[in-house]
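Report on the structure
Given next are the chains, with one letter for each unit.
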Amino acid sequence: MSTGGARVRATVPRMTLLLTVVGLLGVSASGPLMTATAAPALVIAFWRNAAATVVLAPFAVRSRTALTGLRWADLRGTVFAGVMLAVHFAAWVGALKLTTVAAATAQRRPVSAVRLRT
């Protein structure tokens, strides 16, 4: 589509930019912080998921009507996703305890998604 030579400027809401920066800083700091922690890997993974639950629970309570309308298959899928996230954190934090942050972060590539397609 031609704009007749005029430049179209897309604006991004400030809240989107702020949340993007907060998310990037959080993800970037997680590896070094977990490596510096003296607790066992499973304890770190548990408390990370517990903290996320505390942060996200108020949003779930606010959208209670949407949650009560979920089918059993949807709930099963949600629980499965939560369990897989916990397994991911346990494995990743375990890798952090055994190697460098750079090596453990490089192992986060989506190899499992590629294997599922073959």
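The numbers attached to residues start from 1 for each chain and follow its sequence in the written order. For a predicted model such as this one, the threshold for reporting local features is a pLDDT of at least 70, and the threshold for listing and counting side-chain atom pairs is 80 or more; totals across whole chains, interfaces and linings nevertheless cover every residue. Side-chain measures were taken over the full set of non-hydrogen atoms in the model, leaving aside hydrogen atoms and water.

Focus: the side chain of Ser30
For Ser30, the position within the fold is in helix 1 (residues 14-36). It only takes one pair of heavy atoms within 4.5 Å for two residues to be counted as in contact. Ignoring any residue separated from it by four or fewer positions in sequence, one finds Ser30 in contact with Arg48 and Trp92. In DSSP terms, a helix is any run of H or I states spanning at least four residues, a strand is any run of E spanning at least two, and both are numbered starting from the N terminus.

Overview of the confidence of the model for the protein chain
Per-residue confidence from the predictor is given as pLDDT, running between 0 and 100. Confidence in the prediction for the protein chain averages 80 pLDDT; 83% of positions are at 70 or higher. Note that pLDDT drops below 50 for residues 113-118; the model gives that stretch zero contacts with residues more than four away or on any other chain.

Considering a nonpolar patch on the surface
Nonpolar side chains (Val, Leu, Ile, Met, Phe, Trp, Tyr) are joined into patches within 5 Å and like charges within 9 Å, using only residues with over 30% relative accessible area and no salt bridge. The protein chains shown are the only cover counted for residues, whose accessible areas, like all others here, come from Shrake-Rupley with a 1.4 Å probe. Note on definitions: salt bridges are taken to be side-chain nitrogens of Lys or Arg within 4 Å of carboxyl oxygens of Asp or Glu. Taken together, the side chains of Val79, Phe80, Val83, Met84 and Val87 present a nonpolar region at the surface, about 460 Å² in accessible area. Mapped onto the elements of the fold, Val87 is located in helix 4 (residues 72-98). Accessible area is worked out with a 1.4 Å probe on protein chains only. A residue is then buried under 20% of its type maximum, exposed over 50%, and partly exposed in between. A relative accessible area of 47% means that Val87 is categorised as partly exposed.

Let's talk about the nonpolar core
In a soluble, globular protein the nonpolar side chains are often hidden away together inside. Each nonpolar core is a collection of buried residues, namely Ala, Val, Leu, Ile, Met, Phe, Trp, Tyr and Cys, held together in the definition by side-chain atoms within 4.5 Å. Grouped together as the largest cluster of nonpolar side chains are eight residues: Met34, Ala41, Ile44, Trp92, Val93, Ala95, Leu96 and Ala104. Mapped onto this core, the elements with two or more residues apiece are helix 2 (41-62) and helix 4. Per-element tally for this core: the top contributor is helix 4, with four residues. In this structure Ala104 touches Trp92, Ala95, Leu96 and Thr99, once residues within four positions along its chain are discounted.

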